[in-house]
Structure formats: C-alpha cells, structure tokens
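So you can see what is in the structure, the chains are spelled out below.
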Amino acid sequence: MKSKTRCTVVILVLACIGYTCIFSAEMSRRYDHYTPMNDLAIFEQTLYMSLQGQQQANDIEGRHFFVHLSPFLYILLLPYWLAPGAKTLLIATVVMVTVAAGIFYWFALIRLKDPWLALLLSISFLVYPATQGLALSNFHDLVFCLPFLLLLFVFQSRQKMLLLLAALIAALSVREDVALTTFMLSLYWLLQKESRRAGLIVAATSIVWFVVAVYVVMPFLQNQHSWVSPEGGVYAWRYREFGGSIGEILKTMAIRPVFTLTRIFETTDKMAYLPQLFFPLLILLPLGRQLPRLLLILLMALPTVVMNSLSVYFAQQSLVSHYQVAVIAAVALLLVEGLRRFEGNKHQAALALLGLMIVGNLVAGLVYPAIYDPYLAISKNYSLHYPPFSEDDLEILQNIEGFILEEDSIVAAYSIASHYGGRKRIKHRDFRTVTAINGYDFILLDTASYLRIRERWEGEFSQFVDDQYRPIHEFEGKRMSSQRVKIFFRKDLVRR
C-alpha cells in the first residue's frame, strides 16, 4: 500500500508541475496578447496600493472592503511583494488549482483507501472543464477558497475538529459570502450521523462570521457599495428583473416561482450552464436508489447555482470564471462519496470518469471555442490578433510618466491598466459611454479597446476624440505610441 501511495504521489506531483507550467505559460500568453480585464486590474492595483500604505485601495471600488470583506488578500501581499506585477497573481491562481488537486487526492485516499483510484480522481479533477476554467480565468480572490473547502472534507473525514475550524476560518477569510457555501455544506453534514459534530461547528461558525461581517464590520466601514447594502450594491443590476434591492429580489423569487424558473432557461448560455457543470455525475447513475440521498451534497452549491442561473451577467454562466468554485468543490465531494458506494469495478468507473471529462473538454472547446482561445473572439470581432504587449510598450508607459504630472487625471482601459506603472492615480474603465472618458486629462487605450469603442459608438467616439483630444506620438525624443498602446490627451492641456 505504501509503495503504491508513493508511486501515485510522484505521478500526481509531476502532473501538477506540468499543469502549472502549461497553464501559467498560457495565462502569460493571454496577458501579453489579450490582457484579462476588470478583476485583474482591480486586484493588482489593490495589492499595489496596500503595499504603499493605502489599505485595499483601488480606483474602481474606492477600497476593496467596501465591496467584499477579504482579509485573505493580506496573505497575497507576500508573493506580490516578492514579485510585483499582474503575472504573479495569474500564476498564483494556477498554483492554487494544483494545490487543490493535491488536497483532493488526500481526501479521496482517505475515503476510498486506494491510491490509484485517488490518482485517477485527482487527474479527472484537473481535467474537469470548470477546474480548468479557474486556471484560465481572470484573477479573482474567490479561487483561493477552493483548497480550504477541500480541506474541510479531509478534516471532517479524519475527525480533526480543530484543524477543520482552522480551514473553515481560512475559507471564510477569502470573502464574506463563502459563509453561504459552508453553511449549506453543514446542512448536509448534519443529516449524516457520522458528521453531525462537524456540521454543528461549520454551521455555527458560518452564521457568526456572516452576521458579524455583513451586519457589523461592513456597516462600520460605511459600506455603500457591497451586495448587502440596502440599495443592492454593485451587483443589483444583474438581477434587475427581480427588483432593485436584496429584499425586493428575494421577495420576487418567493412570490413568483414560475417567473423565476423561466429566467433560468431564458438564454442558450443559461440552458447549457447546468449540463456543462454537472455532466460528470452521469458516472454515478448505476447507484440507482442511493443517488438521490447522495445528491444532497449539492446543497453546498445551491446558493452559487441559483445566483449564477438567475443573473443577466453572462460570465456567471461561463466555465472560465471564478463563479463556479462552490460547484467544483461539491462535484468533487459527490464523486468520491459516490464511488465509495459503487458495487462494480471502481477502477473502471474512475477511468470512465476521466474519459468523460476529456470528452467534456472537447465538447466545450467545440461549442465555446472563444472561451479556450481569446484570439478567436478578437479575430472574429476585429479581424486582427492583439500584438503582444512588449518591452517597447512598457517603455512607452514609463515614458509618459515624464509627460503626466501629479495633478493630471488618467483613465485607462481595464486591459491596459495593469501594465501601467503609475497605478496610484489611474481610473479603470470599460468605456461603455463617452461620459466614461469625458473630462479626463489622459486616455490610455490598447488596440482592441480602441477599435471596440470606435465600432460601438461609430462616429460619436471619433468626433468626440477629434474635438477634445489629440494623440501623443513623441515627447522629448521618446516614442509615445505603438501597435498596442494608444495615448490621447486633452487639447487644452498646457505643457511646457
């Protein structure tokens, strides 16, 4: 048994190293050619500003804890301090996914007592399209709770309650709404005789954490932007069909159940959402009557699935996003518990699962090719590939520091903001309207965002920029524009 365990651990470690290298290289390529946008720029600036003494400050949210309570971000300051830059965050995301695979192997080994089964399940975990989506998605802190959620399974199985509590606090520290996931997990454990003690600990801690975070700490911070604010916060628009505040949204869902259900299947993406997440469970169909009871494990993912299914924001139904973390953890737990009850050949079932995951990847790649290669989306929309973000482009962004004064206001596309060194005074924008840039001294654009807004606004943008701004090509003998970077400044701006 020990020799088999050592052998499978070596194989898994090699697989995780290869996985980390491949996906880190891919994320680096995407960053250089097609920079991930919103969240990466926000979090990168948040960490940068925290190191400058302005705790969790950024120019979109004001301070990140105005939107979410995320003490875990302070732990990320260490790797960011050692290697400042957006790529550090992208690589950290990939590393967290492979760490989660290692923890999942540990859990499967404890429950199945078969190293080869545990290895097959761990490889399947890495191949699962939603897990790969985490490794390919924009940076987000929510990804970092996945290893801790899996540690809850490990410590509950080993009846290590103090370690379980430590893992739970770590998971909750990532974001206040993780408490919804852990509380729903506790309900499943409370229904099982052997796990009720763990269920009580997790339920009580989750409730206390959520109440203190949402109703004490966040109001103390005078939080007007969070999703729990009376106005519904920054996420209310995603559920606008149900109301303008959390109370109205919940009330509409309760009194109009038919309307709510129809919203789950109103678009093609929404109809594909649940099948593309839960298709691995097909392997458990031979369990027959045992399956309904096992499916109670999915209570853990219920808040996530409901919020994502009802949202009008397309990214919440995407495989390549951080929104699926709770679903990934629930599916992992369900597969292990299901295989424990399998009466047939468990190894054949695990191999079939791995094959199913590979097929799922192929299908996802055929149906949603742009998800796996952003070049396809760029080519389709603009008939071009992004030019790589090169050292020359970085030099240009450094050169403009000599042209931009401390009092100047700067607005930049999300996809270029994290490349820019002067992050203390830069506003990130998605450029949905002309008013998003009106009044700023400088506009920083990249190739595709420039073409996109020209296409979206047609003559309006061109006329506005022609009237109000002019491009910078050179300053004091230094280049100020390139294939990738376009910089505009107000015509009435006076420079010596």
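Residues numbered from 1 in each chain as written. Predicted model: local features only at pLDDT ≥ 70, side-chain atom pairs only at ≥ 80, totals over all residues. Heavy atoms only, no water.

Asker: Talk me through the overall build of the protein; I want residue IDs and the actual numbers.
Answerer: A count of helices and strands for the protein gives 23 helices and nine strands. Expressed as a percentage of the 496 residues in the protein, the buried residues total 56%. Long-range contacts, defined here as pairs at least 24 residues apart, represent 71% of the contacts in the protein between residues at least 6 apart. Taken as a whole, the protein presents about 22,000 Å² of accessible surface, with 63% of it coming from carbon and sulfur. (Helix = DSSP H or I, 4+ residues; strand = E, 2+ residues; numbered from the N terminus. Buried < 20%, exposed > 50% of the residue type's maximum accessible area, 1.4 Å probe, protein only. Contact = heavy atoms within 4.5 Å. Areas by Shrake-Rupley, 256 points an atom, 1.4 Å probe, with all protein chains shown as cover.)

Asker: Describe a nonpolar patch on the surface, and please don't skip the residues or the numbers.
Answerer: A contiguous nonpolar surface patch, about 550 Å² in accessible area, is contributed by Ile207, Val208, Val211, Val212, Tyr215 and Val216. Counting through the fold element by element, tyrosine 215 comes out in helix 10 (residues 196-220). (Patch = residues over 30% accessible without salt bridge, like charges linked within 9 Å, V, L, I, M, F, W, Y side chains within 5 Å. Salt bridge = Lys/Arg side-chain N within 4 Å of Asp/Glu carboxyl O.)

Asker: Can you explain the side chain of histidine 140? Please cite residues and give values.
Answerer: With respect to the element layout, histidine 140 can be found in the loop between helix 6 (129-136) and helix 7 (146-157). Judged by its relative accessible area of 5%, histidine 140 falls in the buried class. Within polar-contact distance, the side chain of histidine 140 engages the side chain of aspartate 141 at 2.8 Å. Histidine 140 has contacts with Asp39, Phe43, Arg175 and His322, leaving out every residue within four places of it along the chain. (Polar contact = N/O pair within 3.5 Å; in protein donor to acceptor, adjacent residues only side chain to side chain.)

Asker: An account of the confidence of the model for the protein is requested, with residue identities and associated values reported.
Answerer: Summing up the model confidence of the protein, the mean pLDDT is 82 and the portion of residues at 70 or higher is 82%. Here residues 374-384 is modelled with pLDDT under 50, and outside its nearest four sequence neighbours on either side it reaches 22 contacts, counting other chains as well. (pLDDT = per-residue confidence, 0-100.)

Asker: Explain helix 6 to me, and be specific about the residues and the numbers.
Answerer: An α-helix turns once per 3.6 residues; consequently, residues spaced three or four apart project the same way. Extensive coverage of helix 6 is indicated by the burial of eight of its eight residues. Listed in full, the buried residues belonging to helix 6 are Pro129, Ala130, Thr131, Gln132, Gly133, Leu134, Ala135 and Leu136.

Asker: Any chance you could break down unusual backbone geometry for me, citing the residues and the numbers?
Answerer: One non-glycine residue, lysine 113, adopts positive backbone phi at about 55°. Within the secondary structure layout, lysine 113 lies in the loop between helix 4 (86-112) and helix 5 (115-127). Relative accessible area serves as the criterion here: at 61%, lysine 113 is assigned to the exposed category. Despite not being glycine, glutamine 159 has its phi angle at roughly 55°, a positive value. By secondary structure assignment, the location of glutamine 159 is in the loop between helix 7 and helix 8 (161-174).

Asker: Just give me the short version of the pattern of salt bridges, but keep the residues and values in it.
Answerer: If you walk through the whole model with that rule in mind, you get eight salt bridges. Where arginine 111 meets glutamate 337, a salt bridge forms, and the shortest distance between an N and an O atom there is 2.9 Å. A residue pair is termed long-range when its members are at least 10 positions apart, and arginine 111 in helix 4 and glutamate 337 in helix 16 (residues 325-340) qualify at 226 residues. Taking the shortest distance from any N to any O, the salt bridge between arginine 490 and aspartate 441 comes out at 2.1 Å. Separated by 49 residues along the polypeptide, arginine 490 in strand 9 (residues 485-490) and aspartate 441 in the loop between strand 4 (426-429) and strand 5 (442-446) bring together distant segments of the chain. This pair shows no difference in class: arginine 490 is buried, exactly as aspartate 441 is. Within the structure, one salt-bridge network assembled from shared partners comprises Arg111, Glu337, Arg340 and Arg341.

Asker: Describe the packing of aromatic side chains, naming the residues involved and giving the relevant values.
Answerer: What the rule picks out here adds up to twelve aromatic pairs. For the pair tyrosine 19 and phenylalanine 23, a centre-to-centre distance of 4.2 Å together with 25° between the ring planes defines the contact as stacked. Of this pair, tyrosine 19 and phenylalanine 23 both sit in helix 1 (residues 2-33), separated by four residues, roughly a single helical turn. Each member of the pair, tyrosine 19 as well as phenylalanine 23, carries the same accessibility label: buried. An aromatic cluster of at least three residues, connected via ring pairs, comprises Phe43, Phe72, Phe139, Phe144 and Phe148. (Phe/Tyr/Trp six-rings, centres within 6.5 Å; stacked < 30°, edge-to-face > 60°.)

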